[in-house]
Amino acid sequence: MRLLMPCLLVAIAANCASSARILAVLPTPAKSHQYVNQATLKALAARGHQIVSYSPFYLDKPVPNYTEIHIESKMADGGGGQMSLEIFKSFIDASPVGGAKVIWGFADIILGQTFEDENIKKLIDSNEKFDLIVLEMLFSQEAVVAFGHRFKAPVVNVHTFGSFGPVNSVSGNPLSLAYIPDYSFPYSDRMSLYERFLNAYSVLSSLHYYYSTYLPRQEAIARSAFKDPSMPPLVDMLLNTSLTVTNINPYAHYSHPNSPNVVPVGGIHLSSERKPLPEAMKKFLDDAKQGVIYLSLGSVVPENILPQEFFDNFINAFRRLPYRVLWKTERSMTQLPEKIFTSKWIPQQDVLAHQNIVLFITHGGLLSQHEAINAGVPVICIPFLGDQPMNAKFYEAREVGVRLNFNDLSEETIYTALTTVLNTTKYKDNMARLSRIYRDQPTSPADRLVFWVEYVLRHGGAHHLRPASALLPWYQLYLIDILALLLATASVSILFTYFIIRKIYRLIFVRQMFDAFSSSKKKN
């Protein structure tokens, strides 16, 4: 016992010595993004690191080593309920080309509210000390990267959805234009010539706008907020990012090469702990001998403005099937069949894990995609905006589900989709196989995250992970200078050859003319 106590004290002291103080500034006004951000910070807090988080959303329950400081966000408070049906449909019908510009259009609102917040102002003016900064800086808030310079600490960027041009460009990741679709395109990794053309045009034109127009505006915001004349150019601070963690499972999404400073931690928000379901919900699921269809369209779809016909089409299609239906909705509906159970809140991971769930009708959000694949439940996807159309295409490409377009919803299209998935075994079998692949990883996403974040801390920012591709000018990175040199060399060679041939031809022609003239003169 006497020997044990000193050892225990040494272990505690060693743990405290390795504990880092981590600042997180995460003003994104979307709950789905914050679920990933919070899971990232909770994994670090569980390791013993001290988290100080500035966010518009609180944790569901307090966590040791995790201090929350609230920042105001009207967008977070308002949600999608203020959206009109016309605006909602405009998002659905918008062209995916240059879709990143839609995201960047929210930057002024997000950052305006962030840097006007009194808690953020106090933070900027404070003498706080931090060992690491965690940001979601490449989602319409690049100016927040200046917190890294302000506190002289390495920066870890959290990216909460799939492949995104600015993330790949800043980190030095290959764009992979031929087989990785831009985040807003409903394409798979097997694109036609036309699709590859549109994809390349969308990514490259977006990046041109990003560097030429968008980032200068972000730099002006950063300089106004931090008022630091020693601040480096914004682009340099972005390129100085130590690590980017992405919400992608590298084994169950389109395979994409990552540079060493990009670490996929998709599924980090998943919980292995199954919590008890509400009693009425549990009984409804347990008693469903035929199985249960689970329907949830996420938190962004403004159900209050959708016409009643939208809901009636689903209800009438469900009446024609023997399955029970668990429906997450805030819509108040009367005279529903007993087979339909509605609730404003549903613990989705726990429900999808229930053995009687046979189908998931989803909007195609990436978190729902992780949860469906993890649980092995086939899907019907009704995408609305953002990366949802691409996620819907992923389900089709992997034959684990089908897509329904919002503008084509009717009782018959819904019924056809339901019977297609439920009566065709390949969807269930393919999803079960994909689920096995998804779960078969050498380390958990949380362990992977913690290792690489601590690696960054151990190695002073670990900038050796950053490939030179992040720093090369675009014309060098894509060998445009070499192509230009080859074209110039070929042009010079062609011109040289042309002039030589022309000279030789003229010499021959002049000689022939001279001989002809001489011959004619002799005859005369």
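Residues numbered from 1 in each chain as written. Predicted model: local features only at pLDDT ≥ 70, side-chain atom pairs only at ≥ 80, totals over all residues. Heavy atoms only, no water.

1. Considerations on the layout of surface pockets
In this model, the second largest pocket occupies a volume close to 540 Å³. In terms of lining, the second largest pocket is formed by 20 residues, of which the most central are Ser169, Tyr211, Trp474, Leu477 and Tyr478. When residues of the lining of the second largest pocket are traced back to their parent elements, those giving at least two are α9 (165-171), α10 (193-226), α11 (234-239) and α20 (474-477). Among the elements that line the lining of the second largest pocket, the one with the most residues is α10, at four residues. Looking at the lining of the second largest pocket, its residues break down into 14 nonpolar, six polar and no charged. (1 Å grid on protein atoms, 1.4 Å probe; cavity = no way out; pocket = protein on both sides within 12 Å on 5 of 7 lines; lining within 4 Å. Points joined across faces, edges and corners; volume = space filled by probe spheres on them. Helix = DSSP H or I, 4+ residues; strand = E, 2+ residues; numbered from the N terminus. Nonpolar A, V, L, I, M, F, W, Y, C, P; charged D, E, K, R; others polar.)

2. Examining the sheet that holds strand β3 (residues 66-70)
With parallel pairing, seven strands are arranged side by side in an open sheet as β3-β2-β1-β4-β5-β6-β7. Because the sheet does not close on itself, it has two edges, and the strands there are β3 and β7 (262-264). Going across the sheet, the axis of each strand differs from the next one's by a mean of 20°, ignoring polarity. Inspection of the sheet shows strand β6 (residues 243-246) paired to β7 by three bridges, in the parallel sense. Across the sheet, residue Val245 finds its bridge partner in β7, namely Val263. Each of β4 (132-135), β6 and β7 is contacted by helix α19 (residues 445-458), which is oriented at about 170° to β6, the strand it contacts most. (Pairing = 2+ DSSP bridges. Axes fitted to C-alpha atoms, helices over the stretch in contact; angles between N-to-C directions. Contact = heavy atoms within 4.5 Å.)

3. Things to note about helix α12 (residues 279-286)
The complete set of buried residues in α12 reads Met281, Phe284 and Leu285. The arc that holds the buried residues of α12, viewed along the axis, is 95°, so those residues lie on one side. Exposed residues pointing more than 90 degrees away from the buried face of α12 are listed as Glu279 and Lys283. The secondary structure elements touched by the buried residues of α12 are β8 (292-296), β9 (324-328), β10 (340-343), α14 (348-352) and β11 (357-362). (Buried < 20%, exposed > 50% of the residue type's maximum accessible area, 1.4 Å probe, protein only. Arc of directions from axis to C-beta.)

4. Things to note about the sheet that holds β11
The strand order across the open sheet formed by six strands is β10-β9-β8-β11-β12-β13, and the pairing between neighbours is parallel. Strands at the two margins of the open sheet, each flanked by one partner only, are β10 and β13 (401-403). Sheet twist, expressed as the mean angle between neighbouring strand axes with direction ignored, is 15°. Bridge count between strand β12 (residues 379-381) and β13: three bridges; the pairing is parallel. Paired with Cys381 across the two strands is Arg403, which belongs to β13.

5. Focus on the pattern of salt bridges
Under the counting rule described, the total for this entry stands at 13 salt bridges. Two residues, Glu128 and Arg21, come together in a salt bridge whose shortest N-O distance is 2.9 Å. Residue Glu128 is located in the loop between α7 (118-125) and β4, and its partner Arg21 is located in strand β1 (residues 21-25); the two are separated by 107 residues in the primary sequence. Judged by its relative accessible area of 34%, Glu128 falls in the partly exposed class. (Salt bridge = Lys/Arg side-chain N within 4 Å of Asp/Glu carboxyl O.)

6. A look at empty space enclosed by the protein
Applying the stated criterion across every chain yields a total of five cavities of 30 Å³ or more. Reported here for the largest cavity is a volume of approximately 70 Å³. Forming the boundary of the largest cavity are Ser163, Phe164, Gly165, Asn168, Leu175, Leu177, Ile180, Pro181, Asp182, Tyr183 and Val203. Among the residues making up the lining of the largest cavity, the classes are represented as seven nonpolar, three polar and one charged. Considered as a void within the structure, the second largest cavity measures approximately 50 Å³ in volume. What lines the second largest cavity is simply Pro27, Pro29, Pro56, Ile71, Glu72, Ser73, Met75, Ile110, Gln113 and Thr114. No other element matches the three residues that helix α6 (residues 107-116) contributes to the lining of the second largest cavity. Partitioned by chemical class, the residues of the lining of the second largest cavity number six nonpolar, three polar and one charged.

7. Re a nonpolar patch on the surface
On the surface, a cluster of nonpolar side chains totalling about 770 Å² of accessible area is made up of Leu472, Trp474, Tyr475, Leu477, Tyr478, Ile480, Leu483 and Leu487. The set of elements that each furnish at least two residues to the nonpolar patch consists of α20 and α21 (480-523). Among the structural elements, Ile480 can be located in helix α21. (Patch = residues over 30% accessible without salt bridge, like charges linked within 9 Å, V, L, I, M, F, W, Y side chains within 5 Å. Areas by Shrake-Rupley, 256 points an atom, 1.4 Å probe, with all protein chains shown as cover.)

8. Digging into the packing of aromatic side chains
Counted by the stated rule, this structure contains 30 aromatic pairs. Consider the rings of Phe310 and Phe311, whose centres lie 5.1 Å apart with planes at 85°: the pair is edge-to-face. In terms of burial, Phe310 and Phe311 fall into one category: buried. Measuring from centroid to centroid gives 6.4 Å for Phe394 and Tyr395, while their planes differ by 65°, and the two rings are edge-to-face. Here the aromatic residues Phe310, Phe311, Phe314, Phe318, Trp327, Phe384 and Phe406 are joined through ring pairs into a cluster of three or more. Across from the ring centre of Tyr415, 3.8 Å away, lies the NZ or CZ of Arg320, which sits over that ring. Positioned above the aromatic ring of Phe284, the side-chain terminus of Arg324 is 4.9 Å from the ring centre. (Phe/Tyr/Trp six-rings, centres within 6.5 Å; stacked < 30°, edge-to-face > 60°. Lys NZ or Arg CZ within 6 Å of the ring centre and 35° of its normal.)

9. What about the pairing of strand β5 (residues 155-159)?
Among the five residues in β5, five count as buried, and that is most of the element. Of the two faces of β5, both are covered, the one formed by Val155, Asn157 and His159 as well as the one formed by Val156 and Val158. Sheet topology note: the β4/β5 ladder contains three bridges and is parallel. Bridge assignment links Leu135 to a residue of β5, and that residue is Asn157. Where β5 and β6 come together, four bridges link them in parallel fashion. Of the residues in β6, the one forming a bridge with His159 is Thr246.

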